[in-house]
Amino acid sequence: MGATLLTKEAVLNGLAVERLAIMSSLSEERLRRSLPALSWSHPYPPYLPANIPSVYMSAAKAPSGVICRGCTTRRGITADVRAHLALPDIVCLQHRVWQSPAPCDVSAAPEIDRAQHTLRRIRRLHGNRGMSLGVRDARWIIAAWTSNVCRESELTDRWHSRRAVLGLVPWHRSDDLSARIVTHPEVAILAAALAPNYTDPTYFTRTGFQLRRFSAYLRASLDLNPIPHSMNDPIRAFVRIVQSNRARWRDPKSVMITETATPRCT
Ligand SMILES: [Zn+2]
């Protein structure tokens, strides 16, 4: 977890990262784990000289969250403490507070707690990359279900009532932060089912894999009717895309989960 944050972010070229590692007596790998932003920048940013260690300061790209106030006041801290949090750590499980960008009480929806445990399990089993890719693609499927073409009214009703229970304002876009919170439990269930696909390239083409059964099982775990109302089932559409063009879907370049600053490479 990051420490308190500034509004500026430093971009270091490869030589500067090497020097930072020597000065701090920490390995480059450990530095990159503690300062995920180091891994987001290109090793040789075109606007920095390639042959001398250089740093460029810019406005922070990674949004940060205010740490749960229950946790900070218990430690006698009255000021807001900001930190970059990976998605599995974004909810304070003790006080049930979603911490990004400002604390939001989610105690009225215990399924959000369960989703956090699911995400931690995915991260343990499939690494940060598998979890991030799973969440990205789960959100792709969820966004399709909110569209007019393959709307799942059971889900949209469920999200509306969860939104009301949590006291969140109505959403306008599927990538709106409150929509992220409201759809989080379903995202975690889908991400858990998709995650093995990123470590096993044959996962969706293995002998015995049946797309219809996979979709029905996944829909049942979301308490949906196993047979989709519409012919445009985004679960099946997603699997078909991966089967025919998996390189693109395994590309970690687009895995950054922006609102939580989950790093794309670990
Ligand atoms: Zn807390």
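Attention in this report is confined to the structure presented alongside it. (Residues numbered from 1 in each chain as written. Predicted model: local features only at pLDDT ≥ 70, side-chain atom pairs only at ≥ 80, totals over all residues. Heavy atoms only, no water.)

**Quick look at the overall build of the chain**
Here's step 1: If you tally the helices and strands in the chain, you get 11 helices and seven strands.
Here's step 2: Within the span of the chain, comprising 266 residues, buried residues form 45% of the whole.
Here's step 3: Pairs at least 24 residues apart make up 68% of the contacts formed inside the chain by residues separated by at least 6 positions. (Helix = DSSP H or I, 4+ residues; strand = E, 2+ residues; numbered from the N terminus. Buried < 20%, exposed > 50% of the residue type's maximum accessible area, 1.4 Å probe, protein only. Contact = heavy atoms within 4.5 Å.)

**Focus on the coordination of the zinc ion**
Here's step 1: Around the zinc ion, the protein contributes the donor atoms C68 (SG), C71 (SG), C92 (SG) and H95 (ND1), which lie 2.1 to 2.3 Å from the metal centre.
Here's step 2: Here the donor residues for the zinc ion map to a single chain with the spacing C-x2-C-x20-C-x2-H.
Here's step 3: Given a relative accessible area of 14%, C71 falls into the buried group. (Donors = N, O, S within 2.8 Å, 3.2 Å for Na, K, Ca; no water.)

**Brief notes about helix α6 (residues 153-166)**
Because the α-helix completes a turn every 3.6 residues, residues three or four places apart line up on one side.
Here's step 1: The end-to-end C-alpha separation of α6 is 20 Å, in line with the 20 Å expected for 14 residues at 1.5 Å each.
Here's step 2: Residues of α6 that are buried: L155, T156, W159, R162, R163 and L166. The arc enclosing the buried residues of α6, seen along the axis, measures out at 125 degrees, which places them on a common side. Among the exposed residues of α6, those pointing more than 90 degrees away from its buried face are D157, H160 and A164.
Here's step 3: Lining the buried residues of α6 we find β7 (104-105), α5 (110-146) and α7 (177-194).
Here's step 4: Looking one or two places after α6, you find G167, whose phi comes out positive at around 70 degrees. (Expected span 1.5 Å × (residues − 1). Arc of directions from axis to C-beta.)

**Looking at the sheet that holds strand β5 (residues 91-92)**
Here's step 1: Overall, antiparallel pairing links the three strands, which are arranged β5-β6-β7 in an open sheet. Whereas interior strands pair on both sides, the edge strands pair on one side only; in this sheet they are β5 and β7.
Here's step 2: Bridge count for β5 against strand β6 (residues 97-98) is two bridges, and the pairing is antiparallel. Looking at the pairing, C92 lines up with V97 of β6. (Pairing = 2+ DSSP bridges.)

**Quick word on the packing of aromatic side chains**
Here's step 1: According to the stated counting rule, one finds five aromatic pairs in the structure shown.
Here's step 2: Aromatic side chains Y203 and F204 sit 5.3 Å apart centroid to centroid with 55 degrees between the ring planes, which places their arrangement in the tilted category. When sorted by exposure, Y203 lands in the same class as F204, which is buried.
Here's step 3: Aromatic side chains F209 and F214 sit 5.5 Å apart centroid to centroid with 50 degrees between the ring planes, which places their arrangement in the tilted category. (Phe/Tyr/Trp six-rings, centres within 6.5 Å; stacked < 30°, edge-to-face > 60°.)

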